[in-house]
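As a plain string of letters, each chain reads:
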Amino acid sequence: MTAFPEAARVELANGGLRANLLNATDTIRAKRARVVAEAPDWEELREAGKAIKDDVLTRLDEYLLEFEAAVQAAGGRVHWARDAAEANAVVVEVARSHGVDEVVKVKSLTTDEIELNDALAAAGIHALETDFAELILQLDHDRPSHILVPAIHRNRAEIRDLFARTIAPGIASDDPHDLAEASRLYLRERFLAARVGVSGANFGVAETGSVCVVESEGNGRMCTTLPNVLVTVLGVEKLLPRFADLEVFLQLLPRSSTGERMNPYTSIWTGVSDGDGPQELHVVLLDNGRTRALADDVGRQALRCIRCSACLNVCPVYTRTGGHAYGSVYPGPIGAILTPQLRGDESTSSLPFASSLCGACYEVCPVKIDIPRVLLHLRAKATKPAAERTLMGGVGWVFGGPRRLALAQRLARSVLRRGTVHRLPPPLSAWTRTRDLKGPPREDFRSWWRSRA
Amino acid sequence: MRIALFATCIGETLFPEACRATVEILERLGHEVVFPEAQTCCGQMHLNSGYADEAARLGRRFVRIFGDYEAVVSPSSSCVGTVREQYGLENVLELSELLVHRLGIEDVGAAFAGRVTYHSTCHSLRLTRVGNAPVRLLGNVRGLELVELPRADECCGFGGTFSIKNADTSSAMLADKCAAVESTGAAVCTALDGSCLLQIGGGLSRRGSAVRALHLAEILAST
C-alpha cells in the first residue's frame, strides 16, 4: 500500500472532501457529546466495557469453544477460519451449495476486511450491499472511508447523480427522503428474492451462542430474517462472555457511534428456530491476524474495539485526510493501531506515525483503548530509515550532556541567520515549506542565567 | 519554596524568553529558582518517534537530575506530561499548574495591554490536565482582553517529528488553526508549550499575519 504521507497528500488536495468531512464529523461529534454527557454512569460503563473485553481476550480460547458448542446446540454450524482465504472459501461454498448467483449483505467491516465480495464475484456470485451508504459505494466502485458512515466523503448531489445513472433513472431530487426511497424500491425486490444472506456481527455471546447486529436502516434485519440461509463472519475478538454483558455494550456503542441513546434496530439471533427466519445458519470464526495482535502485551488492547468510530470523528488527522489515506477498511486512529497488527507486515509501517499524539481518540474511546500508548509501542517496533536512525542517534548524543547541547546551539546560531528563517535544507525543508522558523535568540538561556549570578 | 527549573531542550534553544519569564514570575512571588546545569532533554522526542532505548536513557538521566527536588517547574506541558506519565515524577509541574493548583495563586500581578486568545494545547488538556488554570491566570492580567479561540481544543498539527514526516497533514491542521486564531481578532495567540507556539507562530508568520505567538509565561511576566 501507499505510505500514509503520500496517500494523505492526494486526499488533502481535495477541498470538497475536507469540507464534507469536517461538516459531517462536527455533526456526529456534537451529537455524541450530548448523549454521553447525559449518561451519569458513563465512566463506569467505559470501565465495565474495558474489563469485559479484557476478560474475553484473556480467556478467548475458552469462550470460543463455549460459543461453538452453544451455536451447535442451537442448530447452527461453526467454521474456523485462519485467514481471509479460508473464511471466503466457506462463504463461497455455502452460496454455491444453494446454487445462488446473488447474496444479500448486511454492512460489515469484517467481510470488507477479507474482501469477501471479490471472492464471491470470482465464483460468479454477486454480493449485493444493502446498507444505503455501502450500496452507494458499490454502485460507484468506490471504497468506504469511515467505519460507521462509509460514504462520508460523498455529498447528496453526487449521490443523486449516481442514482440517476444506475438504479433510479430520471431522479431529480437530492432530498434525503427521496434518495432513501429510490434505494428502498431498488432493494425491496432483491430482499424478497434472496435465498442467502451474509452478515458480520457486532457481538457474539459465548454463553448462548447468540449473534448480535445493530443497525439504523432495517436492511440488516431483512438480510438476517428473509433468506433461508444466513452466514455470519465473526472476528474472534467480538465475543462477549454472557448475554447480560450486552447491557453494557448496547449503551456504549450507539452513544459513541451515531450519538443516539439507542440504535433503531438491534437483531439478536440464536441458532435456528422452526418456521421462523433462516433454517440454515453458519458462523465463521475469523482470526486473520487477531491472534498475532493478542500475543502482544501492549497492542492487544486494540482488540477491545467495538467499531464505534468515535475516535475517527475527533481525530484532527482523519478529519483532514479522510479514510482512504489509511489504505484499510479500518481508518483513523484505531486503524493506525489495528491494521499494522492484523497484517503484521512492513507495508503498513507508516500508519503508527500518522498521528500527532494529541490524545483526543483515547478520551472518547468507549472501551478505553490507550491509542497513543499503542501508537508509541508500534512506532518503537517499526523499522526506521537508516538516515533517520543516524540523525536521531546524533540528536540523542547531543542530549547526552549540557556541553554537547551548548555546542549544538552555538552551531545552530552560526549557521542560521537571526530573526526569521524562511528556508532550511532537507529534511527540515518539510518544515519551511509551509512554516517560518523563529531564528535562534541572540542570548541563550544559560548565558543569561550565569550572567545573573 | 525552592523550585528547580526544567527549561526543556526546545525551550532553552528556541524560547529562552519563556524560560527567563518563568524565573522572573516565580522570583517576583518570592520563591527561589535553581537551574540544574546538567539538564538537557526529557526524552520525549525520541520516545514519540519510536526510539525507545534512547528515550529510556534520557529518561534515566532526567530522573537522576530532577528526581529529588521538592518541586520542578517547566514552561512546557508536553514535557511535563511525558516525565509524569513515563517516569512517574509527580514533583514536576507545568508553570500554570504550579501557580494555581500548588501555590494557590491566580493573580501574579501582571499587566499586558491587548486582545489575547488562548490555544489549549493537547498535552496540557489531556496529559498534564492543567484544566482552566491558564485561563484563570490570564483573567487577572491587567489590561488584557481574553477572547475565546474557536475549536481551541483541536491540535495545531505540531506533534514533534509528525510535523516533518507528515508535513502535508500537519500543515492542513495548522492552516485551520491559524484561520481560527485570526478569526478572533486577537493580537496575540498564547499557549503553554513552546513546541505548539513554534508551529502556530511559524504558520502565522508565513501567512504574513499580524498575530504574534507568545508563551503564557511572557505575558504573566509583563508588568
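Throughout this description, residue numbers start from 1 for each chain and increase along the sequence as written. Chains carry letters from A onward and ligands carry numbers from 1 onward, assigned in written order. Given that the model is predicted, a residue must reach a pLDDT of at least 70 before its local features are reported, and side-chain atom pairs must reach 80 or more before they are shown or counted; all residues, however, enter totals for whole chains, interfaces and linings.

**What about the interface of chain B and chain A?**
At step 1: What counts as a contact here is a pair of residues whose C-beta atoms, placed from the backbone, lie within 7 Å. At the junction of the two partners, chain B supplies 50 residues and chain A supplies 47 residues.
At step 2: Classifying every residue of the side of chain B that touches chain A by side-chain character gives 23 nonpolar, 18 polar and nine charged. For this classification, the nonpolar set comprises Ala, Val, Leu, Ile, Met, Phe, Trp, Tyr, Cys and Pro, the charged set comprises Asp, Glu, Lys and Arg, and every other residue, Gly included, is treated as polar.

**Some words on the confidence of the model for chain B**
At step 1: Per-residue confidence for chain B gives a mean pLDDT of 97, with 100% of residues at or over 70.
At step 2: On the interface metric, ipTM, the complex scores 0.96, and its pTM is 0.96. Scored from 0 to 100, pLDDT records how confident the predictor is in each individual residue.

**A closer look at the nonpolar core**
At step 1: One finds Val91, Val284, Cys311 and Ile371 of chain A together with Leu220 of chain B to be the most contacted residues of the largest nonpolar core, which totals 186 residues.
At step 2: Only runs of H or I of at least four residues qualify as helices and only runs of E of at least two qualify as strands under DSSP, and these elements are numbered from the N terminus. If one sorts the elements of this core by residue count, helix α2 (residues 16–28) of chain B sits on top with six residues.
At step 3: Excluding residues that lie within four positions of it along the chain, isoleucine 371 of chain A makes contacts with Cys311, Pro333, Ile334, Ile337, Cys361, Tyr362 and Cys365 of chain A.
At step 4: Among buried residues, those of type Ala, Val, Leu, Ile, Met, Phe, Trp, Tyr and Cys that are joined through C-beta atoms within 7 Å form a set called a nonpolar core. The exposure scheme places C-beta atoms from the backbone and then counts, for each residue, the other C-beta atoms within 10 Å of its own, assigning buried at 20 or more, exposed at 12 or fewer, and partly exposed in between. By size, the runner-up hydrophobic cluster in this structure holds five residues, among which are Val421, Trp431 and Leu437 of chain A together with Ala167 of chain B.

**Here's the deal with the environment of valine 298 of chain A**
At step 1: Residue position: valine 298 of chain A is located in the loop between α13 (290–294) and α14 (310–314).
At step 2: Placed 79 residues apart in sequence, valine 298 of chain A and histidine 377 of chain A show a C-alpha to C-alpha distance of 7.1 Å.

**Observations concerning the sheet that holds strand β6 (residues 142–147) of chain B**
Residue and element names in this part refer to chain B.
At step 1: By definition, two strands form a pair when at least two bridges between them are found by DSSP. The four strands are arranged β6-β5-β7-β8 in an open sheet whose pairing can be described as parallel. At either margin of the open sheet sits one strand with a lone partner, and together these are β6 and β8 (212–215). Taken over all neighbouring pairs, the strand axes of this sheet differ in orientation by 40° on average, direction set aside.
At step 2: When strand β5 (residues 111–118) meets strand β7 (residues 188–191), the two strands line up parallel, connected through three bridges. Residue pairing for β7: tyrosine 118 is matched across the bridge by threonine 190. The axes used here are C-alpha line fits, helices contributing only the stretch in contact, and every angle between their N-to-C directions lies in the interval 0 to 180 degrees.

**Considering unusual backbone geometry**
All names here are of chain A.
At step 1: With omega at 0°, the peptide bond leading from proline 426 into proline 427 counts as cis.
At step 2: Tracing the sequence through the fold places proline 427 in the loop between β11 (420–421) and α21 (429–432).
At step 3: With a phi close to 60°, arginine 307 is a non-glycine residue in the positive phi region.
At step 4: Along the chain, arginine 307 falls in the loop between α13 and α14.

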